[in-house]
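Single-letter residue listing:
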Amino acid sequence: MAIRVTYFYSACVRIDTPAARVLCDPWFTDGAYDGSWFQFPRLEQASTKVGKVDFIYISHIHPDHYDPQFLRSYLAANPSTKLLIARFAHPHLERKMQADGFSPTVTDHVTWGSTEIHLVPNEVPDEIDPNDIDSALVVRDGADGVVNMNDNLFNPRQISAIRELCPTPQIALLCYTGAGPYPQTYFTDPVRLRELSQQKKEEFFRRYRRMRDAIGARVNIPFAGKYLLGGKLAALNDFRGVADAVEVRAFDPSAVVLDDGGDASIDTETLVATRIRNEAYSEASLRERLREIRNRPMAYETWMPEASIASLPLKRLAQKAYAAALTKSQSKKDYFMCISAGKPASGEQQWFVFNTNPANPHFGVHTDVTRFEPRSEISLDARHLFGLLTGVYHWNNAEVGSHLKVYRQPDVFDRDAQRFLNFFAVC
């Protein structure tokens, strides 16, 4: 019997088999990533459009995949629906969901009538990124199969496991574009930004092709990673390097771009899609949506009044956070993080400067950071910094949400130094 895939938005699809309905990664709440990510196009009355499902599968912890506000609303109306997450060695998602009041089923396999549902974690080798914990979903019913790769990085071990579970999938859902802060928060020159944005798009197209060739489905649906920056970050949208899914059609004739909103679908029997989107989103509709969201406040701007900034104990918290992060640092060489600490009455910019190398610790407050190399100068709202240091917000979300303005000297990415920030908090 056929399996039908219905597309809603970004990484949210519903997979209907003869026996089960599985909703994947519903993100419908504007203001993800500490207030900066918004939907485009906006899907109204999401719960009604989704309908009743047996399972909601959450692939990983990022807030454009795990939307607790939507889940609370949906489960209040549909309490029998079960939440499914993969079994990870480092259960970040499970702990976060439990802290938010949910009781997810942690599993690698569910049988529901004639349907087999497999959750395949992507706990990748160290040489790729051990902190990039995502998962894939394989849904089988008889000879029909759908593979949902979400945001997974290419991992031969995961690919091998998926091919064993589903050697000949009819449909694969594949990530075609990348979010994140680069290049829009690292550079200011528009010409350079456009050049780097194009390079980023092409790099993610290469990743898409590699995953497409490895999975070997008959039809590929490019999805996920779709968003607009709102509020004070709206001006950065033109430089994110985020492709429109229809661009994939230029190099993948097997790609099908389903229209947004829950009225477009494709099934494994006919492989004929309804409501295909063949044209890129219009500039007029994009600009209209930007007008709606460009004045939205960031989460930390409503959380704390600006007048409170002067009284925040940022230095004391930063010192404690540094001591905690040193115990988890993977850095093997000197790298200096310089975090904006605001301007006191003197008017000089102050920086919290710390070395991510635990073999040569350094923490201090400086007005001149030019002697520290290699370094990253990171500027952000002091209220956001307070929330990051105290665990209200998370550094990775702040980074992906484009809240951190960064200048690197030299302009070289140091993965271990960047990971250090994820532990730079007092709790």
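Each remark here, short or long, concerns the structure printed above.
Given the structure is predicted, the values throughout are model-derived calculations rather than measurements.

A. Seen up close, the overall build of the protein chain. Looking only at helices and strands, the protein chain has 12 helices and 20 strands in total. At 22 Å, the protein chain has a C-alpha radius of gyration in line with the 22 Å of a compact globule built from 427 residues. Expressed as lengths along the three principal axes of its C-alpha atoms, the size of the protein chain is roughly 70 × 45 × 40 Å. For the protein chain, the share of sequence-separated contacts (at least 6 apart) that also reach a separation of at least 24 residues comes to 70%. Of note, the protein chain has its 49 positive side-chain charges centred 2 Å away from the centre of its 52 negative side-chain charges.

B. Region of interest: the nonpolar core. Ranked by size, the top nonpolar core spans 67 residues in total, and within it F28, I339, W395 and F424 carry the most contacts. In terms of residue count, the dominant contributor to this core is helix α9 (residues 314-326) (seven residues). Excluding residues that lie within four positions of it along the chain, F424 makes contacts with A318, A321, Y322, A325, F354, L388, L389 and W395. Counting residues in hydrophobic clusters, the runner-up holds 33 residues, among them V5, V13, V146 and F223.

C. How the structure looks around empty space enclosed by the protein. Inspection of every chain in the model, using the stated rule, returns two cavities of 30 Å³ or more. Size it by volume and the largest cavity reaches roughly 60 Å³. Every residue along the wall of the largest cavity is listed here: Y7, S10, Y176, P222, F223, A224, K226, A245, V257, L258 and R277. Classifying every residue of the lining of the largest cavity gives eight nonpolar, one polar and two charged. Taken as a whole, the second largest cavity holds about 30 Å³ of empty space. As for the second largest cavity, its lining consists of P181, T185, Y186, I378, E399, L404, V406, Q418 and L421. Taken together, the residues of the lining of the second largest cavity break down into six nonpolar, two polar and one charged.

D. Seen up close, the environment of R206. Residue placement: R206 occurs in helix α6 (residues 190-215). As for R206 and Y176, which are separated by 30 residues in sequence, their C-alpha atoms are 8.7 Å apart.

E. Molecular detail of the pattern of salt bridges. According to the stated counting rule, one finds 26 salt bridges in the structure shown. We note a salt bridge from R42 to D30, for which the minimum N-O separation is 3.4 Å. Taken as a pair, R42 in the loop between β4 (37-38) and α2 (46-50) and D30 in the loop between β3 (21-24) and α1 (32-35) lie far apart in primary sequence, 12 residues in all. What makes D30 buried here is its relative accessible area of 19%. Between E283 and R287 there is a salt bridge whose closest N-O contact spans 2.7 Å. Of this pair, E283 and R287 both sit in helix α7 (residues 283-293), separated by four residues, roughly a single helical turn.

F. Representation of the sheet that holds strand β13 (residues 219-223). Taken in spatial order, the six strands make up an open sheet running β8-β9-β10-β11-β12-β13, and their pairing is mixed. The sheet terminates laterally at β8 (109-112) and β13, the two strands that pair on one side only. On average, each strand axis in the sheet is tilted by 15° relative to the strand beside it, whichever way the strands run. Sheet topology note: the β8/strand β9 (residues 115-122) ladder contains four bridges and is antiparallel. Within β9, the residue paired with H109 across the bridge is H118.

G. Inspection of the pairing of β3 at higher detail. For strand β2 (residues 12-16) and β3, the ladder comprises four bridges, and the chain directions are antiparallel. The residue of β3 that forms the bridge with D16 is R21. Sheet analysis places β3 next to strand β5 (residues 55-57), joined by three bridges and oriented parallel. When the sheet's bridge partners are listed, L23 is paired in β5 with I56.

H. Quick peek at the environment of R163. Along the chain, the position of R163 falls in helix α5 (residues 156-165). With 184 residues separating them in the primary sequence, R163 and G347 have C-alpha atoms 60 Å apart. In this structure, R163 is in contact with A214, I215 and G216, ignoring residues within four places of it in sequence. Side-chain polar atoms of R163 contact the backbone oxygen of P167, separated by 2.9 Å.

I. Quick look at the layout of surface pockets. Approximately 560 Å³ is the volume found for the second largest pocket. Lining the second largest pocket are 26 residues, with N237, R240, V242, D244 and L286 sitting closest to its centre. Listing elements by their share of the lining of the second largest pocket, those giving two or more residues are α6 and α7. Residue composition of the lining of the second largest pocket, by class: 12 nonpolar, five polar and nine charged.

J. View of the packing of α9 against helix α10 (residues 382-390). Orientation of α9 relative to α10, taken along the N-to-C sense of each, is 35°, at an axis distance of 10 Å. Where α9 crosses over α10, the two elements pack in a sense that is left-handed. Residues L314, L317, A318 and A321 of α9 lie in contact with α10, whose contacting residues are A382, L385, F386, L389 and T390. The residue inventory of the contact of α9 with α10, partitioned by class, reads eight nonpolar, one polar and no charged.

The rules behind each value
Residues numbered from 1 in each chain as written. Predicted model: local features only at pLDDT ≥ 70, side-chain atom pairs only at ≥ 80, totals over all residues. Heavy atoms only, no water. Helix = DSSP H or I, 4+ residues; strand = E, 2+ residues; numbered from the N terminus. Rg over C-alpha atoms; globule rule 2.2 N^0.38 Å. Contact = heavy atoms within 4.5 Å. Lys, Arg positive; Asp, Glu negative; His and termini not counted. Charge placed at Lys NZ, Arg CZ, Asp CG, Glu CD. Core = buried A, V, L, I, M, F, W, Y, C linked by side-chain atoms within 4.5 Å. Buried < 20%, exposed > 50% of the residue type's maximum accessible area, 1.4 Å probe, protein only. 1 Å grid on protein atoms, 1.4 Å probe; cavity = no way out; pocket = protein on both sides within 12 Å on 5 of 7 lines; lining within 4 Å. Points joined across faces, edges and corners; volume = space filled by probe spheres on them. Nonpolar A, V, L, I, M, F, W, Y, C, P; charged D, E, K, R; others polar. Salt bridge = Lys/Arg side-chain N within 4 Å of Asp/Glu carboxyl O. Pairing = 2+ DSSP bridges. Axes fitted to C-alpha atoms, helices over the stretch in contact; angles between N-to-C directions. Polar contact = N/O pair within 3.5 Å; in protein donor to acceptor, adjacent residues only side chain to side chain. Left-handed = near helix turned anticlockwise from the far one by under 90°.

Coordinates in, geometry out; function isn't part of it.
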